[in-house]
Amino acid sequence: MRDPTTLRLRHALEHAALVVKPGVDQAIVHAFERILAGQPEHTGGALTVRALCMEAGISRATYYRSPLAKVVAALLREPDAPRPQTDTLTAEITRLKGAERALRSRHAAEREELRATIAAYAQHIQALTLRLTELEDANGVLRRQIQQPDPIVTSLRQPR
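### Brief notes about the overall build of the protein chain
Moving on, step 1. The helix and strand inventory of the protein chain stands at six helices and zero strands.
Moving on, step 2. Ordered by position from the N terminus, the helices and strands of the protein chain form the series α-α-α-α-α-α.
Moving on, step 3. The burial tally for the protein chain puts 21% of its 160 residues in the buried class.
Moving on, step 4. Once local pairs closer than 6 in sequence are excluded, the contacts in the protein chain between residues at least 24 apart make up 50%.
Moving on, step 5. Accessible surface, the protein chain: about 12,300 Å² in total, of which carbon and sulfur atoms supply 57%.

### Things to note about the side chain of Glu55
Moving on, step 1. Take Glu55: it is sitting in helix H3 (residues 49-56).
Moving on, step 2. Not counting the four nearest positions on each side in its chain, Glu55 is found in contact with Ala31, Arg34, Ile35, Pro40, Glu41, His42 and Thr43.

### Section: the environment of Ser155
Moving on, step 1. Secondary-structure assignment places Ser155 in the segment after helix H6 (85-146).
Moving on, step 2. Each C-alpha atom, one on Ser155 and one on Arg143, is 8.9 Å from the other, the two residues being 12 residues apart in sequence.

### Looking at the environment of Ser59
Moving on, step 1. Take Ser59: it is sitting in the loop between H3 and helix H4 (60-65).
Moving on, step 2. Remark: the alpha-carbon pair of Ser59 and Val49, spanning 10 residues in sequence, is separated by 9.9 Å.
Moving on, step 3. Of the polar contacts made by the side chain of Ser59, one reaches the side chain of Thr62; its length is 2.9 Å.

### Thoughts on H3
Counting along an α-helix, one turn takes 3.6 residues, and residues three or four places apart therefore face a common direction.
Moving on, step 1. For H3, the set of buried residues is Ala51, Leu52, Cys53, Glu55 and Ala56.
Moving on, step 2. In the stretch just after H3, Gly57 is the one whose phi turns positive, near 75°.

### Let's talk about the side chain of Ser66
Moving on, step 1. Structurally, the position occupied by Ser66 is in the loop between H4 and helix H5 (68-77).
Moving on, step 2. Setting aside chain neighbours within four positions, we find Ser66 in contact with Asp25 and Ile28.

### Quick word on helix H2 (residues 24-36)
Moving on, step 1. Taking 1.5 Å of rise per residue, the 13 residues of H2 would be expected to cover 18 Å, and the 18 Å separating its terminal C-alpha atoms lies within 8% of that figure.
Moving on, step 2. Restricting attention to buried positions, one finds in H2 the residues Asp25, Ala27, Ile28, Val29, Ala31, Phe32, Glu33, Ile35 and Leu36.
Moving on, step 3. Just beyond H2, the residue with positive phi is Gly38, at close to 75°.

### Points about the confidence of the model for the protein chain
Moving on, step 1. Summing up the model confidence of the protein chain, the mean pLDDT is 80 and the portion of residues at 70 or higher is 78%.
Moving on, step 2. Confidence scores differ between elements of the protein chain, with helix H1 (residues 4-15) showing the lowest mean pLDDT of 59 and H6 the highest of 92.

### What about the packing of H2 against H3?
Moving on, step 1. Closest axis-to-axis distance for the H2/H3 pair is 8 Å, and the angle between their directions is 115°. Here H3 runs roughly perpendicular to H2, going by the angle between their axes. Our pair here, H2 against H3, has a crossing hand that is right-handed. Counted together, Ala27, Ile28, Ala31, Phe32, Arg34 and Ile35 of H2 and Ala51, Leu52, Glu55 and Ala56 of H3 form the full contact between these two elements.

Procedures and definitions
- Counting of residues starts from 1 at the beginning of each chain's written sequence and follows it residue by residue.
- At least 70 in pLDDT is required for a residue's local features to be given in this predicted model, at least 80 for side-chain atom pairs to be given and counted, and no such filter applies to totals for whole chains, interfaces and linings, which use all residues.
- As a rule here, side-chain values come from all non-hydrogen atoms in the structure, and water together with hydrogens is ignored.
- A run of H or I in DSSP becomes a helix once it reaches four residues, and a run of E becomes a strand once it reaches two; helices and strands are each numbered from the N terminus.
- Here the term buried applies to any residue with accessible area under 20% of the maximum for its type, exposed to any over 50%, and partly exposed to those in between, with areas from a 1.4 Å probe on protein chains only.
- We call two residues in contact whenever any of their non-hydrogen atoms come within 4.5 Å of each other.
- Shrake-Rupley sampling with a 1.4 Å probe provides the accessible areas, and residues are treated as covered by the protein chains on show and by no other component.
- Any N or O atom pair separated by 3.5 Å or less is treated as a polar contact, with the protein-specific requirement of one donor-capable and one acceptor-capable atom, and with residues adjacent in sequence counted only for side-chain atom pairs.
- Expected span of a helix: the number of residues minus one, times 1.5 Å.
- Per-residue confidence from the prediction method is given by pLDDT, with values spanning 0 to 100.
- Angular values range over 0 to 180 degrees, each being the angle between N-to-C directions of two axes fitted as lines to C-alpha atoms, with helices fitted over their stretch in contact.
- If an angle is under 35 degrees, it is roughly parallel; if it is over 145, roughly antiparallel; if it lies from 65 to 115, roughly perpendicular; otherwise it is oblique.
- Note: crossing handedness is left-handed where the near helix turns anticlockwise from the far helix by less than a right angle, and right-handed where it turns clockwise.

The following block contains the structure:
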């Protein structure tokens, strides 16, 4: 395999002067490689000791007894340690959920602001409608007074 992840693990094992023995050690290495390659067979693909043990088909106690446990743990502690695609996707999902919450919150605030604006406009419309009705009533009274035989109010317009 020429995968950089595989080469990194192999290099770490060589640097620690560990020989991968058939059996448990080989199962751990293959499980680690499958998880990092995004092709787990027995787990969801999370890069944890529990998932690694399940993927390798060994107990945690057996894993911790293996000399590879320290190498794998050191490799995972590095800041630029490779992560399986599931870890990356989980982090992306978490980020997107946070962004969605922020958008929903902002959207709710905008809706409340728009509702308040609509209520204010409705009150203005109601007040203007009442004032228009008052003015129309006053105009009607004045028109009736002009049309009386002896008007109290006279029209400023000259009759034609």
